[in-house]
Amino acid sequence: MSRIAVVYWSGTGHTEAMANKVAEGASSAGGDVTVLTASEFHASMMDDFDSIAFGCPSMGAEQLEESEFEPMFQECTSKLSGKKIALFGSYGWGDGEWMRNWEEDCKGYGASLTCNPVICNEDPDAEAENSCIELGKTLV
Ligand SMILES: Cc1cc2nc3c(=O)[nH]c(=O)nc-3n(C[C@H](O)[C@H](O)[C@H](O)COP(=O)(O)O)c2cc1C
């Protein structure tokens, strides 16, 4: 069975809601899914999973959340080459720049993205929830 981690940071719950839908999709496709917050995950756990969905909202000025998620993710970058990953997150007033930058960075580290990133404005509506479920299925 495919071992899948859904690793996220969320301040007001929007990205957390997305993470739960990603997990739902991965489970429905037969994956063995573990949902973890950024503070519960560490780079040393990268090898424990066949694929990983990372979720983080746009924070700062079109940046990843700087106190917990960014440091954790930076540690993971040395293990991204060839790794199956997917990205998701919520944003507010921007146009998704943080996610475009994040996706480019991940490709630069050699990650294998299983699908296009899923972003949504503030709390996920039914369409965004469905996109998260579909993202989850691509990880299996
Ligand atoms: C400190 C802070 C910085 C933010 N910076 C941005 C930003 O640069 N661009 C943007 O589109 N939204 C920005 N937002 C809005 C959040 O990305 C948005 O509210 C998102 O839904 C929060 O997701 P969460 O509930 O998972 O924390 C910011 C929010 C906060 C609190």
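Structural data are supplied above this passage.
This section reports on the structure supplied with the text. Being a predicted model, the structure only gives us computed values, none of them experimental.

### So, the packing of aromatic side chains
Inference 1: With the rule as written, the count across this model stands at eight aromatic pairs.
Inference 2: With 6.4 Å between their ring centres and 45° between their planes, Phe-41 and Phe-49 make a pair best called tilted. For the pair shown, Phe-41 and Phe-49 are each scored as buried.
Inference 3: Both rings, one in Phe-69 and one in Trp-102, keep their centres 5.5 Å apart while their planes meet at 90°; by these two values the pair is edge-to-face.

### Digging into the environment of Val-6
Inference 1: Inspection of the secondary structure assignment puts Val-6 in strand β1 (residues 3-8).
Inference 2: Exposure remark for Val-6: the relative accessible area of 0% places this residue in the buried category.
Inference 3: Along the primary structure Val-6 and Ile-133 are separated by 127 residues, whereas in three dimensions their C-alpha atoms are 12 Å apart.
Inference 4: For Val-6, the contacting residues outside a window of four places in its chain are Ala-19, Val-22, Ala-23, Val-33, Thr-34, Val-35, Leu-36, Ala-53 and Phe-88.

### Some words on the site of the ligand
Inference 1: Taken together, 18 residues sit near the ligand, with Ser-10, Thr-12, His-14, Ser-58 and Ser-90 positioned nearest.
Inference 2: Gly-92 places a main-chain nitrogen or oxygen 3.0 Å from a nitrogen atom of the ligand.
Inference 3: For the ligand, whose unbound accessible area comes to 650 Å², protein coverage reaches 80%.
Inference 4: Taken together, the elements giving at least two residues each to the shell around the ligand come down to α1 (14-28) and β4 (84-91).
Inference 5: Class assignment for the residues of the shell around the ligand results in five nonpolar, eleven polar and two charged.

What counts, and at which threshold
- Residues numbered from 1 in each chain as written.
- Predicted model: local features only at pLDDT ≥ 70, side-chain atom pairs only at ≥ 80, totals over all residues.
- Heavy atoms only, no water.
- Phe/Tyr/Trp six-rings, centres within 6.5 Å; stacked < 30°, edge-to-face > 60°.
- Buried < 20%, exposed > 50% of the residue type's maximum accessible area, 1.4 Å probe, protein only.
- Helix = DSSP H or I, 4+ residues; strand = E, 2+ residues; numbered from the N terminus.
- Contact = heavy atoms within 4.5 Å.
- Near = heavy atom within 4 Å.
- Polar contact = N/O pair within 3.5 Å; in protein donor to acceptor, adjacent residues only side chain to side chain.
- Areas by Shrake-Rupley, 256 points an atom, 1.4 Å probe, with all protein chains shown as cover.
- Nonpolar A, V, L, I, M, F, W, Y, C, P; charged D, E, K, R; others polar.

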